Amino acid sequence: MVRPGEHVTILTYSRLRYHVMQAAKTLVNKGYDPEVIDIRSLKPFDPYTIGNSVKRTHRVLIVDECMRTGGIGASLTAAINENFHDFLDSPVLCLSSQDVPTPCAGTLEDWTVVQPAQIMPAVKQLCQ
């Protein structure tokens, strides 16, 4: 766990952890208390840490660098729905890269990979 919180569980990994932590600062200033978990291990997932967080916050946002179709976020969503569905107050939401090849140019890459500004509206949506 990178940051404890009460309102929503945000699962992420790798460089998007930094995007999530930037967004977490803004979220706290807006009255949201996100719990941030760096899943670190993509296989196997840590069901104990994830499950305890889901049971506490009842909401999950996955911020994933993989493409949406067939990505890690889809696998995590399935695992959470299979094991912790009864604890969720809203559907799992996944922010992931667009289903296009990642461009080499940094400015174009920013358009395909999840950015901190996209995380705030997703948390608001989950917490309504």
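Here the structure is a predicted model, which means the values were calculated and not measured.

A. Representation of the overall build of the protein within the structure. Of the regular secondary structure elements, the protein holds 5 helices and 4 strands. Ordered by position from the N terminus, the helices and strands of the protein form the series β-α-β-α-β-α-β-α-α. Whereas a compact globule of 128 residues would reach a radius of gyration of roughly 14 Å, the protein reaches 14 Å, a difference of no more than 12%. A principal-axis box enclosing the C-alpha atoms of the protein has dimensions of 40 × 35 × 25 Å.

B. Broad picture of the side chain of His19. Residue position: His19 is located in helix α1 (residues 16–29). Given a relative accessible area of 17%, His19 falls into the buried group. One polar contact links the side chain of His19 to the main-chain carbonyl oxygen of Val114, over a distance of 2.9 Å. Contact partners of His19, with chain neighbours within four places excluded, come to Val114, Gln115, Pro116 and Ile119.

C. Focus on the sheet that holds strand β1 (residues 8–12). Reading across the sheet, the 4 strands line up as β2-β1-β3-β4 and stay open at both edges, with parallel pairing between neighbours. In this open sheet, the two edge strands, each paired with only one partner strand, are β2 (34–38) and β4 (93–97). For this sheet, the mean inter-axis angle between neighbouring strands, taken without regard to orientation, is 20 degrees. With 3 bridges joining them, β1 and strand β3 (residues 60–67) adopt parallel strand pairing. Bridge pairing in β3 links Thr9 to Val60. Packed onto the sheet, α1 meets β1, β2 and β3 and runs at close to 170 degrees relative to β2.

D. Region of the structure containing the environment of Pro103. You can see Pro103 is positioned in the loop between β4 and α4 (106–112). For Pro103 and Val63, which are 40 residues apart along the polypeptide, the C-alpha to C-alpha distance reads 19 Å. When residues no more than four places from it in sequence are discounted, the contact partners of Pro103 are Leu108, Glu109 and Thr112.

E. Inspection of the pairing of β2 at higher detail. Most of β2 is tucked away: 5 of the 5 residues are buried. Burial of β2 is two-sided: the residues Pro34, Val36 and Asp38 facing one way and the residues Glu35 and Ile37 facing the other way are all buried. Looking at chain direction, β1 and β2 are connected through 5 bridges and run parallel. Looking at β2, one finds that Leu11 is bridged to Ile37. Handedness of the crossover joining β1 and β2 through α1: right-handed.

Scoring rules and cut-offs
- Residues numbered from 1 in each chain as written.
- Predicted model: local features only at pLDDT ≥ 70, side-chain atom pairs only at ≥ 80, totals over all residues.
- Heavy atoms only, no water.
- Helix = DSSP H or I, 4+ residues; strand = E, 2+ residues; numbered from the N terminus.
- Rg over C-alpha atoms; globule rule 2.2 N^0.38 Å.
- Buried < 20%, exposed > 50% of the residue type's maximum accessible area, 1.4 Å probe, protein only.
- Polar contact = N/O pair within 3.5 Å; in protein donor to acceptor, adjacent residues only side chain to side chain.
- Contact = heavy atoms within 4.5 Å.
- Pairing = 2+ DSSP bridges.
- Axes fitted to C-alpha atoms, helices over the stretch in contact; angles between N-to-C directions.
- Right-handed = clockwise from strand over helix to strand, strands pointing away.

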